[in-house]
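Close look at the chain arrangement
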Amino acid sequence: MIRNSILWVCLVFISSATWAQQPTTLTVETQSNTLVFQTDAQNHLRTIYFGKRLKNKEELALIETQNNQRDVNTGIYNSIYTPSGSWNMLEPALNIVHADGNASTDLIYQSINTLKENEDVTLTTILLKDPVYQTEVKIFLKAYFQEDVIEQWTEIKNTEKAPITLQKYASANLYLNAQKFYLTHYLGAWGREMRPEETALTGGIKVIDSKLGTRTNLYEPPTFMLSFNKPSEEDQGDILLGTLGWSGNFKIDFEVDSYHNLRVIAGINPHASAYPLASNTVFKTPSFIYTLSHQGKGFASRNLHRWARKYRILDGTGERLTLLNNWEATYFDFDQQKITNLFKDGKKLGVDLFLLDDGWFANKYPRNDDTAGLGDWEENRKKLPDGLGYLVKEAQKTGIKFGIWLEPEMVNPRSELYEKHPDWVVKQPQRPEHYFRNQLVLDLSNPQVQDYVFGVVDKLFTKNPGLAFIKWDCNAVTFNAHSAYLQARGESQGKFYVEYIKGLYSVLERIRVKYPKIPMMLCSGGGGRVDYEALKYFTEFWPSDNTEPLERIFIQWNYSHYFPAVATCNHVTDWGKQPLKFRTDVAMMGKLGFDIVVEHLSKDDLVFGQLAIENYNKLKNIIWQGEQYRLVDPYKNDIASLMYVDENQSKAIMFNYLVSNRFELTATPRAIQLKGLNPNKRYKIEEINLYANTPSTLNSSLILSGDFLMTVGYNPEVNDKRTSVILTINEVK
Ligand code: GLA
């Protein structure tokens, strides 16, 4: 028997070796890059090149002759999608247990299909098949030509007669060539989101992952940067930005092989997620989104921003609303009168919308703090006797829009929802409940729960058609992951984490079908959930509850590498000791909002706030839709500086902030070289957002060429008296 199977394996090997006559070479192209795949003698498809665009197609097949990427000991290093249990010995992208219990898979190239969706977007589909089990794997590569972005995902089809189990099912498996790789990844924590760490990768595997279920980014976001050959630089060098579009557990392996090439395997975290796939069904992995730049991280970020605005973020090229939020102004302590007064404050300040935060709901267990009421989404009659409808109308009368906070995925044990539906709650049946912010997660793998969550939102909009904004929060991580629903149906708990996120997306999809345009903010106890799949449904996200403006400069700086300003909500609050001007100037570098008590503002502060909003309204389109250039890195300097330039290079805005209080620092020591302007145009530079008519120290009659501004630079004179300086740069004809 054993001898027979050895003979059979040899036959398969020999016969497959004779399949390939000539190697097949496949390419995916974007404006700056070419990605090349090639078959080997056994028809395994391998990544042989990802780098600068190659001009001569006929030379592509020769790349292999120049690089050593095949290892005889370990199978191949550079499989387009590395299977396990057969010839491959390295970290797999795919690990399947077949219906008969066998855990071996081999993937053989079958065919390619290329579909040009439009001038910019081309979808390439590559079909691979296991010769023994007939399992089908389709690799999808969507190339956004102008943006240099590739979106990659996989479909795994079970063609067997019974279920198979997916043990590992990555979205993408890249193979990169360089002397050395530097990985920047980010640590999370409440109030300390997106803290970068750059590290040189050495042989072996470095993993970034999260297993927190909901609110994954609280530990680490699925977002990273790779710099080739040297640590990352703003405007030079080869940089890959990568991010997984998945709001749940993820795992990204960075394996430096024995030739010092890098294998990147990104996807859903296999942790506790062995996924049974029924016969004749297809599993679609989330998208892994990446861009490769040869001009540093600035160029890479701009590509990703453009892609995100055009193709991904809901209404990415549309309008946004400035707002006044009451979270820090009132916390849970408010009533109808207080709120309607705040509308007037919002109007006085000049914002577009008032956002009513947590605490407006629940009656049997009123939501007066975070220990009760979550799940009971009816207006609290004591606080809001006339309901939300009244507030919507009052706001409209005041000339301001009205939006509310929701956290529909969660429940407090002290709530009517929990009493009615204990089986809707995620918890281990035999273990005590374990709370995060006194709450538990609802089981979104259960379609009834999905209906309920959709119903919460739908009812709010149906009852209050004037409702203009939702802040969708998600404060708890998923402790004691277990679904009573899956258990009752005899289904594997291995599906839970995945089905939860799919359930969430399905609810969001239903919301968007019915309410396509309503702006929604993606929030998760700060920035616990920020990714490009969720952002299909949201117009913006909340980066962090930390609004201390110095801290915020760094947080926003880090997010700016991956997410455009139009989606990054920044609120002016009372955190920290910085003056209102500094706080507002910092918030203006993204989507501006306020969370302050307007009536506590001094006269000068109020006038400044009003002026800042007026200025913002004039400039917001450049900030939201312009190209972003990071000029001075606050991690390496005493100031931070960045700018946005409009499409025609005729209007720009530059933000400068002092980030150090060192005594010796009296002024910006030297000029800052601007970027992104037209060298042949002439520009007038003016300082705006001046507090209480304090005159600017800058000469506003100076007209300088783009060439001068980008070569010699301009000194915004940031110093301890001028801790933030905003400049407009306008073409003079
Ligand atoms: C989370 C959010 C905050 C606020 C509170 C309300 O922490 O990040 O902005 O909405 O919830 O409970």
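Residues numbered from 1 in each chain as written. Predicted model: local features only at pLDDT ≥ 70, side-chain atom pairs only at ≥ 80, totals over all residues. Heavy atoms only, no water.

Let's shift gears to the packing of aromatic side chains. Counted under the stated rule, the structure contains 43 aromatic pairs. Between Tyr 505 and Tyr 537, the ring centres sit 6.1 Å apart and the planes meet at 25°, which makes this aromatic pair stacked. One end of the pair, Tyr 505, is in helix H10 (residues 496–514); the other, Tyr 537, is in the loop between strand E28 (520–522) and strand E29 (540–541), and 32 residues separate them in sequence. Like Tyr 537, Tyr 505 is buried. Chaining the aromatic ring pairs together yields one cluster made of Tyr 144, Trp 307, Tyr 311, Tyr 532, Phe 541, Tyr 559 and Phe 563. Note that Lys 383 overlies the ring of Phe 334, its terminal NZ or CZ placed 4.8 Å from the centroid. Above the ring of Phe 454, the side-chain terminus of Arg 510 is found at 4.4 Å from the ring centroid. (Phe/Tyr/Trp six-rings, centres within 6.5 Å; stacked < 30°, edge-to-face > 60°. Helix = DSSP H or I, 4+ residues; strand = E, 2+ residues; numbered from the N terminus. Buried < 20%, exposed > 50% of the residue type's maximum accessible area, 1.4 Å probe, protein only. Lys NZ or Arg CZ within 6 Å of the ring centre and 35° of its normal.)

Here we come to the site of the ligand. With respect to spatial proximity, 13 residues lie near the ligand, and among them Asp 357, Asp 358, Arg 437, Lys 471 and Asp 545 are the closest. Here an oxygen atom of the ligand and a side-chain polar atom of Arg 437 are 2.9 Å apart. At 2.8 Å, a side-chain N or O of Lys 471 approaches an oxygen atom of the ligand. Taking 310 Å² as the accessible area of the ligand by itself, protein coverage stands at 96%. Looking at the shell around the ligand residue by residue, the classes come out as 4 nonpolar, 3 polar and 6 charged. (Near = heavy atom within 4 Å. Polar contact = N/O pair within 3.5 Å; in protein donor to acceptor, adjacent residues only side chain to side chain. Areas by Shrake-Rupley, 256 points an atom, 1.4 Å probe, with all protein chains shown as cover. Nonpolar A, V, L, I, M, F, W, Y, C, P; charged D, E, K, R; others polar.)

Before going further, it helps to examine the sheet that holds strand E36 (residues 703–705). Taken together, the 6 strands give an open sheet; going across it, the order is E32-E33-E34-E37-E35-E36, and neighbouring strands pair in antiparallel fashion. In this open sheet, the two edge strands, each paired with only one partner strand, are strand E32 (627–632) and E36. Each strand of the sheet is rotated relative to its neighbour by a mean of 25°, with strand direction disregarded. The pairing of strand E35 (residues 682–688) with strand E37 (residues 724–732) spans 7 bridges and is antiparallel. (Pairing = 2+ DSSP bridges. Axes fitted to C-alpha atoms, helices over the stretch in contact; angles between N-to-C directions.)

The next subject is the pairing of strand E8 (residues 121–129). For E8, a buried count of 7 out of 9 residues is recorded, marking the element as mostly surrounded by other parts of the structure. One ladder, built from 8 bridges, connects strand E7 (residues 108–116) with E8; its direction is antiparallel. Residue Lys 116 lies in a different strand from E8, and its bridge partner there is Thr 122. Adjacent in sequence and paired antiparallel, E8 and strand E9 (residues 136–144) are bridged by 6 residues, among which Gln 134 carries a positive phi angle near 65°.

Below, the discussion takes up the packing of helix H11 (residues 549–559) against helix H12 (residues 580–587). Any two packed helices are characterised by the angle at which their axes cross and by the distance between the axes. Across the interface, H11 lies against H12 with an axial gap of 10 Å and an inter-helix angle of 15°. Taken as axis vectors, H11 and H12 run roughly parallel relative to one another. Remark: the crossing between H11 and H12 carries left-handed chirality. Judged by residue contacts, Pro 549, Leu 550, Arg 552, Ile 553 and Gln 556 of H11 engage Phe 582, Arg 583 and Val 586 from H12. Along the lines of polarity and charge, the residues of the contact of H11 with H12 split into 5 nonpolar, 1 polar and 2 charged. (Parallel < 35°, antiparallel > 145°, perpendicular 65-115°, else oblique. Left-handed = near helix turned anticlockwise from the far one by under 90°. Contact = heavy atoms within 4.5 Å.)

Take Asp 633: it is sitting in the loop between E32 and strand E33 (639–645). Separated by 2.8 Å, the side chain of Asp 633 and the backbone nitrogen of Tyr 635 make a polar contact. When neighbours within four sequence positions are excluded, Asp 633 is seen to be in contact with Trp 557 and Ile 639.

Bringing the packing of helix H8 (residues 447–463) against H10 into the picture now. Axis separation between H8 and H10 bottoms out at 9 Å; the angle between their running directions is 35°. The element H8 and its partner H10 pack so that their crossing is right-handed. Two secondary-structure elements touch here, H8 through Gln 450, Asp 451, Val 453, Phe 454, Val 457 and Asp 458 and H10 through Gly 503, Ser 506, Val 507, Arg 510, Ile 511 and Lys 514. Of the residues that constitute the contact of H8 with H10, the class distribution is 5 nonpolar, 3 polar and 4 charged.

In protein chemistry, a disulfide is the covalent bond that joins the sulfur atoms of two cysteines. What the rule picks out here adds up to 0 disulfides. Of all cysteine sulfurs in the structure, the one in Cys 523 sits closest to Cys 474, which takes part in no disulfide; the separation is 8.8 Å. Residue class for Cys 474 comes out buried when judged on its relative accessible area of 0%. Lacking any disulfide linkage, Cys 569 is separated from the closest cysteine sulfur, that of Cys 523, by 9.0 Å. (Disulfide = S-S within 2.5 Å.)

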